[in-house]
Amino acid sequence: NAAHGMSAGNWYHVAFVRRSTTVECFINGVSVGTGSIGTATIFKGSEPLLIGTTGNGSSPELYLADGHFDDIRVTQGVARYTNNFTVPSRTLTDYEIDPYYNNVSLLLPLEGTAGDISTTDKSIYSTPVTFYGTAQLDNSQTKFGNTSLLLDGDSDYLTVGTASDWTFLHDGIDWTMECWIRF
């Protein structure tokens, strides 16, 4: 949002990093806030991971994102960013150069054909991804590659895997969630 220098029509690299008992948010490589999470969980362990919305499996449409997403990556056991950093200049899914690739739990390049309603997790886990509403790959706005994920803010979101795929999100270990977003 505008409070963090974000404006419509631009791509932003957004990263949330858990380091010990602290969660920090970075936008375009700059820390915009931290908070103490202690041993608290950010994930309800009985549901799949939701992308583009908040809530849970029975009420997933509490707050719906409206925009494009590209290169979604979740890394377990690693706080990738601990200070301000230079944002990646190439796809996050370039596993040939990623020293933490074996820690990556989700890697969505969101590549395909415009209108596709499926995508493939390129992590070693190949976690299933399900599109809901009119969520789809779109070629009108892309950060890398030929498509990105389009969510229109109406009823669109993704679910990823099952609860057992995301236990590290409530086990108190370090993690990094990041992607490119364009509102």
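Residues numbered from 1 in each chain as written. Predicted model: local features only at pLDDT ≥ 70, side-chain atom pairs only at ≥ 80, totals over all residues. Heavy atoms only, no water.

**Digging into the pairing of strand β5 (residues 66-76)**
- Within β5, nine of the 11 residues are buried, which leaves it mostly tucked inside the rest of the structure.
- Here β5 runs beside strand β9 (residues 148-152); their pairing, made up of four bridges, is antiparallel. When the bridges of β9 are listed, D66 appears paired with D152.
- Strand direction decides the pairing type here: β5 and strand β11 (residues 175-182), joined by seven bridges, are antiparallel. Bridge pairing in β11 links V74 to M177.
- Taken together, the four bridges between β5 and strand β6 (residues 104-108) define a ladder with antiparallel strand orientation. By the bridge assignment, R73 is partnered in β6 with L107. (Buried < 20%, exposed > 50% of the residue type's maximum accessible area, 1.4 Å probe, protein only. Helix = DSSP H or I, 4+ residues; strand = E, 2+ residues; numbered from the N terminus. Pairing = 2+ DSSP bridges.)

**Points about the sheet that holds strand β4 (residues 49-51)**
- Spatial strand order, β4-β10-β7: three strands in an open sheet with antiparallel pairing. Looking at the sheet topology across the chains shown, the edges are occupied by β4 and β7 (129-132). Across the sheet, the mean angle separating the axes of adjacent strands is 25 degrees when strand polarity is ignored. (Axes fitted to C-alpha atoms, helices over the stretch in contact; angles between N-to-C directions.)

**Let's talk about the side chain of T119**
- As for its position among the elements, T119 is in the loop between β6 and β7.
- Exposure remark for T119: the relative accessible area of 13% places this residue in the buried category.
- Beyond its immediate sequence surroundings of up to four residues, T119 is in contact with L108, L110, E111, V129 and F131. (Contact = heavy atoms within 4.5 Å.)

**Description of the pairing of β9**
- Relative to β9, strand β8 (residues 136-138) is paired through three bridges, and the arrangement is antiparallel. Looking at the pairing, D138 lines up with S148 of β9.

**As for the confidence of the model for the protein**
- For the protein, the mean per-residue pLDDT works out to 87, and 84% of the residues sit at or above 70.
- Ranking the elements of the protein by mean pLDDT puts β4 last, at 87, and β8 first, at 98. (pLDDT = per-residue confidence, 0-100.)

**A look at the packing of aromatic side chains**
- Overall, the coordinates contain five aromatic pairs when judged by the stated rule.
- With centroids separated by 3.7 Å and ring planes inclined at 10 degrees, the aromatic side chains of Y81 and F85 adopt a geometry described as stacked. Each member of the pair Y81 and F85 is classed as buried.
- Here Y132 and Y157 contribute two aromatic rings whose centre-to-centre distance is 4.8 Å and whose plane-to-plane angle is 10 degrees, an arrangement assigned as stacked. Separated by 25 residues along the polypeptide, Y132 in strand β7 and Y157 in strand β10 (residues 157-160) bring together distant segments of the chain.
- Accessibility expressed as a relative area gives 7% for Y157, which makes it buried.
- Ring pairing ties together the aromatic residues F26, Y81 and F85, which thus form one cluster.
- Positioned over the ring face of F144 is K143, at 5.8 Å from the centre of the ring.
- Positioned above the aromatic ring of W180 is the side chain of K143, whose terminal nitrogen or guanidinium carbon lies 4.4 Å from the ring centre. (Phe/Tyr/Trp six-rings, centres within 6.5 Å; stacked < 30°, edge-to-face > 60°. Lys NZ or Arg CZ within 6 Å of the ring centre and 35° of its normal.)

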